[in-house]
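Summary of structural features
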Amino acid sequence: MKKNLYIHIGRPKVGSSAIQHFLNGNRFGLAYAGCFYAASGYMHKANHGLAYVLYPDSVRIPEFKGVSAEKMYTDLIEELQKKPEIPNAFISSENFYFVDPKKLHLYLDDAFDVKIVCYVRRQDDVLVSSYIQELKDNLLSPDETLADFATSERRLKWLDYDAVLKKWSKVFGKENIMVRPFESEQFFGESIYSDILHVLNIDSLKGFEIPRVRVNPSPSRDVLNIILHINNRRDVEASAKPRLIEALLNASEYLPKSSAFAAGSLFDLEQRNAFLSRFNRSNANVAEKYLARGDGKLFLRTPGDDTANGSSTDTGFEVDRLVSIFSNVLLSQQDQVNKLETRLDELTTQLERLAIGKDLMV
């Protein structure tokens, strides 16, 4: 009997990092429950290498330069076949979302019963989240607005979920495509962690460790605006910008919940509805084909339901808000120093114990 291989293909900005951190930190619990999280192509707690080697320009990824796709997938099959007692296996990379599924099928060579797992998120939320990520990574041109970002055909085609999933269903079969809407109301157990376990036929979080911190959190609205200003400043050295942005992002974790990011400062309700309208048919097709929903509803919430989506476009700052932000920048920096000092003390103690043990053995 073939092993079930679940391939989580993303999509990007739809909880992939949270899923990967959770599964990576619970490898033993997963194995005990009947699922093996593969290590092949391991990079950043996921199997990104397995996706990268399928890219036409994979040679640009230094970690996998010179590694052939055939060799990597041969290693994957061998790794999974060494665990015959575990009926299910799982690999994850949001970068699979952009590969040709025919290539993936070719290298798997029908060795497994493949299930494709794809989380989908309302397109307006994906757009804002992607824009923020590229802003954080300093990948945008200084004057590129969200409106500019939203007109990119290259980005828009990947938001047509019906078109993307059609390619995967042609290769692996529509019955093997598992679509999961990224909404807490639609998660099994109202948690992304319980939901991915449910996909793997594990219906309880009992015995699994939940990550203590948010993975890849969004900055507050004020912090986002400061980052925008930093990116637009030509009198700030380009090499210094990533360090300044990283310090601001760390500070976001210390800010009160009341200053959480308000997406409406970038994308108001009218803009969201207009943007979403272009995907109405695509979303209805996905709901009908993969979730058997006769009403064609893929998502339960609409932009009007999101209380965070105000219409404010104010980018000004009050003194007390700036003081709060930069006070927390300093606090977060000190917190990082304290953690490094604690870790240094731990390593020093371990070295001393090793030295003592070595002396006793002499």
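Remember, it's a predicted structure, so these values are computed and weren't measured experimentally. (Residues numbered from 1 in each chain as written. Predicted model: local features only at pLDDT ≥ 70, side-chain atom pairs only at ≥ 80, totals over all residues. Heavy atoms only, no water.)

Let's talk about helix H4 (residues 69-81)
Under the convention used in this document: A helix here means a DSSP run of H or I that spans at least four residues, while a strand means a run of E at least two residues long, and both kinds are numbered starting from the N terminus. One less than the number of residues in a helix, times 1.5 Å, gives the span that helix is expected to have. Throughout, exposure labels follow a simple rule: accessible area from a 1.4 Å probe, protein chains only, divided by the maximum for the residue type, with under 20% read as buried, over 50% as exposed, and the rest as partly exposed. Throughout, the arc means that of the directions going from the helix axis to the C-beta atoms. Any two residues having at least one pair of non-hydrogen atoms within 4.5 Å are treated as being in contact.
Taking 1.5 Å as the rise per residue, H4 with 13 residues should run 18 Å; its terminal C-alpha atoms sit 18 Å apart, in good agreement. Taken together, the buried positions of H4 are occupied by Ala69, Met72, Tyr73, Leu76, Ile77, Glu79 and Leu80. The arc enclosing the buried residues of H4, seen along the axis, measures out at 160 degrees, which places them on a common side. Exposed residues lying more than 90 degrees from the buried face of H4 are Glu70 and Gln81. Its buried side turned inward, H4 meets strand S1 (4-8), strand S2 (35-37), helix H3 (48-52), strand S3 (88-92) and helix H5 (101-108).

So, the pairing of S1
Along any regular strand the residues' side chains alternate between the sheet's two faces. Heads up, the condition is: Strands pair, by our definition, only if DSSP identifies at least two bridges between them.
Among the five residues that make up S1, four are buried, leaving the element largely enclosed by the rest of the structure. When S1 meets S3, the two strands line up parallel, connected through five bridges. Residue pairing for S3: Leu5 is matched across the bridge by Ala89.

A closer look at the side chain of Ser130
As for its position among the elements, Ser130 is in helix H6 (residues 123-136). Classification of Ser130 by relative accessible area gives buried; the value is 13%. Those residues in contact with Ser130, other than ones at most four positions away along the chain, are Arg11, Lys13 and Phe149.

What to know about the pattern of salt bridges
It is possible for side chains of opposite charge to pair when their charged atoms get near one another. Stated precisely, the cut-off is as follows: Whenever a carboxyl oxygen of Asp or Glu lies within 4 Å of a side-chain nitrogen of Lys or Arg, that contact is scored as a salt bridge.
Counting across every chain of the model gives 11 salt bridges. Here Asp75 ties to Lys71 by a salt bridge, and the two come within 2.7 Å at their closest N and O atoms. Taken together, the residues span about one helical turn, with Asp75 and Lys71 both in helix H4 at a distance of four residues. Among the residues examined, Asp75 registers a relative accessible area of 31% and is labelled partly exposed. If you follow the salt bridges from partner to partner, you end up with Arg122, Asp124, Asp125 and Arg272 in one network.

Quick look at the nonpolar core
Note the cut-off: We define the nonpolar core as a collection of buried residues of types Ala, Val, Leu, Ile, Met, Phe, Trp, Tyr and Cys that are connected through side-chain atoms lying within 4.5 Å of one another.
Ranked by internal contacts, the top residues of the largest apolar core, which has 90 residues, are Ile7, Phe96 and Trp168. Ignoring anything within four residues of it in the chain, the contact list for Ile7 reads Ile91, Phe96, Leu104, Leu108, Val114, Lys115, Ile116 and Val117.

What to know about the packing of aromatic side chains
Given two aromatic rings, one states the distance between the centres and the angle between the planes to describe the pair. The condition that has to hold: Classification of ring pairs uses Phe, Tyr and Trp, with its six-membered ring standing for Trp, and accepts pairs whose centres are within 6.5 Å; under 30 degrees between planes counts as stacked, over 60 as edge-to-face, and the remaining range as tilted.
Within the structure shown, the criterion is met by 13 aromatic pairs. A centroid spacing of 5.9 Å and a plane angle of 65 degrees characterise the contact between Tyr37 and Phe90, whose relative ring orientation is edge-to-face. With Tyr37 in strand S2 and Phe90 in strand S3, the pair connects residues that are 53 residues apart, well separated along the chain. Measuring from ring centre to ring centre gives 5.5 Å for Tyr97 and Phe98, while their planes differ by 85 degrees; the resulting arrangement is edge-to-face.

Things to note about the packing of H6 against helix H13 (residues 269-277)
Rules: Angles shown run from 0 to 180 degrees and are taken between the N-to-C directions of axes, each axis being a line fitted to C-alpha atoms and, for helices, limited to the stretch in contact. Roughly parallel means an angle under 35 degrees; roughly antiparallel, over 145; roughly perpendicular, 65 to 115; everything else is oblique. Each residue gets one label: Ala, Val, Leu, Ile, Met, Phe, Trp, Tyr, Cys and Pro are nonpolar, Asp, Glu, Lys and Arg are charged, and the others, such as Gly, are polar.
Their axes nearest at 9 Å, the elements H6 and H13 cross at an angle of 110 degrees. With respect to H13, the element H6 is oriented roughly perpendicular. Contact residues: H6 offers Gln123, Asp124, Asp125, Leu127 and Val128, while H13 offers Arg272, Phe275 and Leu276. Across the contact of H6 with H13, the residue classes break down as four nonpolar, one polar and three charged.

Remarks on the environment of Asp268
We count it as follows: The definition of a polar contact used here is a pair of N or O atoms within 3.5 Å, where within protein one atom must be able to donate a hydrogen and the other to accept one, and adjacent residues in sequence count solely through side-chain atom pairs.
Mapping Asp268 onto the fold places it in the loop between helix H12 (241-252) and H13. Distance in space between the C-alpha atoms of Asp268 and Gly304 is 9.9 Å, their sequence separation being 36 residues. For Asp268, the side chain forms a polar contact with the main-chain nitrogen of Glu270, separated by 3.2 Å.

Some remarks on the pairing of S3
Within S3, five of the five residues are buried, leaving the element largely enclosed by the surrounding structure. Along S3, one buried face is formed by Asn88, Phe90 and Ser92 and the opposite face, lined by Ala89 and Ile91, is buried too. Bridging between S2 and S3 involves three bridges; their strand directions are parallel. Across the sheet, the residue bridging to Cys35 is Asn88, located in S3.

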